[in-house]
Amino acid sequence: MTSAQNPTDASVIPPKSAIAKKWLIGILVLTFAFVLMPFLLWYMTTFSRPLTDAELGTYFTDATHPRRAQHALSQVADRIMSPNAAIRESARIWYPEVIQSAAEGSAELRVTAAWVMGQDNQSPEFHTALLKQLTDANPMVRRNAALSLVRFADPSGHEVIAGMLAPYSMAAPRSGTLATRLNPGDVINPGTLVAHVAVSGENVEMRSDVPGTIAQWIVPDGAQVQAGQLILVVDPSPEMVWESLRALYLIGQKADAPAVARYARGIEGMPPQIQQQATLTAKEIAGKK
C-alpha cells in the first residue's frame, strides 16, 4: 500500500509560471469587470446614449421597464433640438408615441412628455396635447405643460405658473391616524415619503407631489385626519420659483405683481439669481398696459 501523497510534495505544486498566469488572468478579469460594469450601468440607465429607430420602437413599447420609455422620450427631444435638419425631421415619426405617453403614461412619463412637447413649438399636435395636460391629476405634469405652452406663446397655463410661487398644500390620502416622518425645514422632492396614515392596521403612504421645503404640518403627529383634509404646507423649491419667474416675465399679469415683488425683496434660503430674475419680471409686469 502506498502512503497518501504529501500535499507539500513538489509534484503537486504548480510551477511558478502557472501561478503567475492565473494571477494575471484574475487581475485582467477584475480590471475588465471594474471597467465594464460601470459602462453597462451607464449604458442601461443614461438618457444620453443615442438610440436607433429600432431601439426607439422597442423602448416606447417596453411596459416592464418604464425608464426605457423615458429614455426614448429624451432621445426624441434631442432629435428635435438637433442643429441637423434631417435629424430634426426624423423625430416627427415618433410624435404619436410622445402624445400617447403624455395622455396614458405613468406620472413620470407624462411629466417628461410635457417637457419634450415644448421643444417643438411649431407642432399643432403637441400644442393640443399640452392644453389637455393642464387638467392632469399630477401637479408636476400641469406645471411642465404650462411652461411648455409659454414656448407656444400660449398663456393658457398662467394660473398654474403663478401658483408655483405660492406654498403648496397637501391633503390626507385617506381617513385615519397621521404619523409624520419629516419636520419643517426638510427638503423634499416629488415622491418623497412624508408621512403615513394608519387605516385599520394598514399604513397608507403619503408622498410629496412637488419639490420644496416643508413649511408646516397643519395638524400634529398622531392626530386623526379625514380624507382630503389639508395637513401639510410645502414652500416652493428654488427651481420651481425660477421657472415661474422666467415664464411670468413673458406672460405675467398685473395681478402677479405682489407675489413677484415678494421674491424681488429677497427671501432667506433662495439663491441670488431668484431675486435678480424677480426684479426683472416685476419691472416687465409693471410696464404692461
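S.K.: Help me understand the pattern of salt bridges in this model?
M.R.: All chains considered together, the criterion is met by seven salt bridges. Its salt-bridge partner being Glu89, residue Arg92 comes within 3.4 Å of it at the nearest N-O pair. The partly exposed category is assigned to Arg92, whose relative accessible area is 40%. The partner of Arg92 in a salt bridge is Asp120, with the nearest N and O atoms 3.9 Å apart. Here Asp120 lies in the loop between helix H6 (107-117) and helix H7 (124-133) and Arg92 lies in the loop between helix H4 (85-91) and helix H5 (95-104), a separation of 28 residues in the sequence. Take Asp120: its relative accessible area is 8%, and that puts it in the buried class. Ionic contacts of the salt-bridge type, sharing partners, join the residues Glu89, Arg92 and Asp120 into one network.

S.K.: Can you walk me through the side chain of Ser237 in this structure?
M.R.: Position of Ser237 relative to the elements: it lies in the loop between strand S8 (230-236) and helix H10 (238-251). Classification of Ser237 as buried rests on a relative accessible area of 5%. For Ser237, the residues in contact, after removing those within four places along its chain, are Pro211, Gly212 and Met270.

S.K.: Teacher, can you tell me more about the sheet that holds strand S2 (residues 176-180) here?
M.R.: Strands pair in a sheet through their backbones, by hydrogen bonds, and they do so in one of two ways: parallel or antiparallel. The four strands lie next to each other as S5-S4-S2-S7, forming an open sheet whose pairing is antiparallel. The two strands at the open ends of the sheet, each matched to only one other strand, are strand S5 (202-207) and strand S7 (224-225). In the sheet, S2 pairs with S7 via two bridges, with the strands oriented antiparallel. If you follow Gly176 over to S7, its bridge partner there is Val225.

S.K.: For this particular structure, what's the right way to read H5?
M.R.: Helical periodicity: at 3.6 residues per turn, an α-helix aligns residues three or four positions apart in one direction. Of all the positions in H5, only Tyr95, Val98, Ser101 and Ala102 are classed as buried. Taken end-on, H5 shows its buried residues confined to a sector of 125°, consistent with a single buried face. Away from the buried face of H5 by more than 90 degrees, exposed residues Ala103 and Glu104 are located. Buried residues in H5 make contact with helix H2 (53-60), helix H3 (66-80), H4, H6 and H7.

S.K.: Can you help me understand the packing of aromatic side chains in this one?
M.R.: Where two aromatic rings form a pair, the distance of their centres and the angle of their planes describe that pair. Throughout the structure, instances matching the rule amount to two aromatic pairs. When the centroid spacing of 5.9 Å and the interplanar angle of 25° are considered together, the rings of Phe60 and Trp94 count as stacked. Remark: Trp94 occurs in the loop between H4 and H5 and Phe60 occurs in helix H2; sequence separation between them is 34 residues. Each of the two residues, Phe60 as well as Trp94, counts as buried. Between Tyr95 and Phe126 the ring centres are 4.2 Å apart and the planes differ by 35°, which places this aromatic pair in the tilted class.

S.K.: How should the packing of H6 against helix H8 (residues 139-150) be read in this particular structure?
M.R.: Helix-helix packing is described using two parameters, namely the angle between the two axes and the distance between the axes. Packing of H6 against H8 brings their axes to within 8 Å, and their N-to-C directions diverge by 10°. For the element pair H6 / H8, the angle class is roughly parallel. Within the contact between the two elements, H6 uses Ala107, Arg110, Val111, Ala114 and Trp115 and H8 uses Met140, Val141, Asn144, Ala145 and Ser148. For the contact of H6 with H8, a count of residues per class yields seven nonpolar, two polar and one charged.

S.K.: In this structure, what is going on with H10? I would like to understand it.
M.R.: Taking 1.5 Å of rise per residue, the 14 residues of H10 would be expected to cover 20 Å, and the 20 Å separating its terminal C-alpha atoms lies within 8% of that figure. Buried within H10 are the following residues: Met240, Val241, Ser244, Leu245, Ala247, Leu248 and Ile251. The secondary structure elements touched by the buried residues of H10 are H8, helix H9 (158-163), S8, helix H11 (257-264) and helix H12 (272-286).

S.K.: Would you mind showing me how to read the nonpolar core here?
M.R.: Taken as a class, soluble globular proteins show a tendency for nonpolar side chains to be buried jointly. Counting 70 residues, the largest nonpolar core has Val98, Ile161, Val194, Ile231 and Leu232 as its most contacted members. The element best represented in this core is H8, accounting for seven residues.

S.K.: Whenever I open this one, the sheet that holds strand S3 (residues 187-188) confuses me. Can you help?
M.R.: Ordered in space as S1-S8-S6-S3, the four strands form an open sheet in which the pairing is antiparallel. The sheet is open, and its two edges are formed by strand S1 (168-171) and S3, each paired on a single side. Examined bridge by bridge, S3 and strand S6 (residues 212-217) share two bridges and lie antiparallel to one another. Considered in S6, the bridge of Val187 is made with Thr213.

Calculation notes
Throughout, a residue's number is its position along its own chain's written sequence, starting from 1. Since the coordinates come from a predicted model, pLDDT governs what is reported: local features require at least 70, and pairs of side-chain atoms require 80 or more to be given and counted, while whole-chain, interface and lining totals use all residues. Calculated side-chain values reflect all of the structure's heavy atoms, with hydrogen atoms and water omitted. Any carboxyl oxygen of Asp or Glu within 4 Å of a side-chain nitrogen of Lys or Arg constitutes a salt bridge here. Only protein chains enter the accessibility calculation, which uses a 1.4 Å probe. A residue is then buried if its area is under 20% of the maximum for its type, exposed if over 50%, and partly exposed in between. Strands here are runs of E lasting at least two residues and helices are runs of H or I lasting at least four, both read from the DSSP assignment and numbered beginning at the N terminus. In what follows, a contact means two residues having at least one pair of non-hydrogen atoms within 4.5 Å. One bridge is not enough; two strands pair if DSSP finds at least two bridges between them. This arc corresponds to the set of directions leading from the helix axis out to the C-beta atoms. The rule is short: rings of Phe, Tyr and Trp, with Trp giving its six-membered ring, pair when the centres are within 6.5 Å, and they are stacked under 30 degrees, edge-to-face over 60, tilted in between. Only the stretch in contact is used when fitting a helix axis, every axis being a line fitted to C-alpha atoms; angles between N-to-C directions are given from 0 to 180 degrees. An angle counts as roughly parallel when it lies under 35 degrees, as roughly antiparallel when it exceeds 145, as roughly perpendicular when it falls between 65 and 115, and as oblique in every other case. When residue character is reported, Ala, Val, Leu, Ile, Met, Phe, Trp, Tyr, Cys and Pro are called nonpolar, Asp, Glu, Lys and Arg charged, and the others, Gly included, polar. Every helix has an expected span of 1.5 Å times one less than the residues it contains. In plain words, nonpolar cores are sets of buried Ala, Val, Leu, Ile, Met, Phe, Trp, Tyr and Cys residues tied together by side-chain atoms within 4.5 Å.

Without other data, these values stay purely geometric and don't point to any function.
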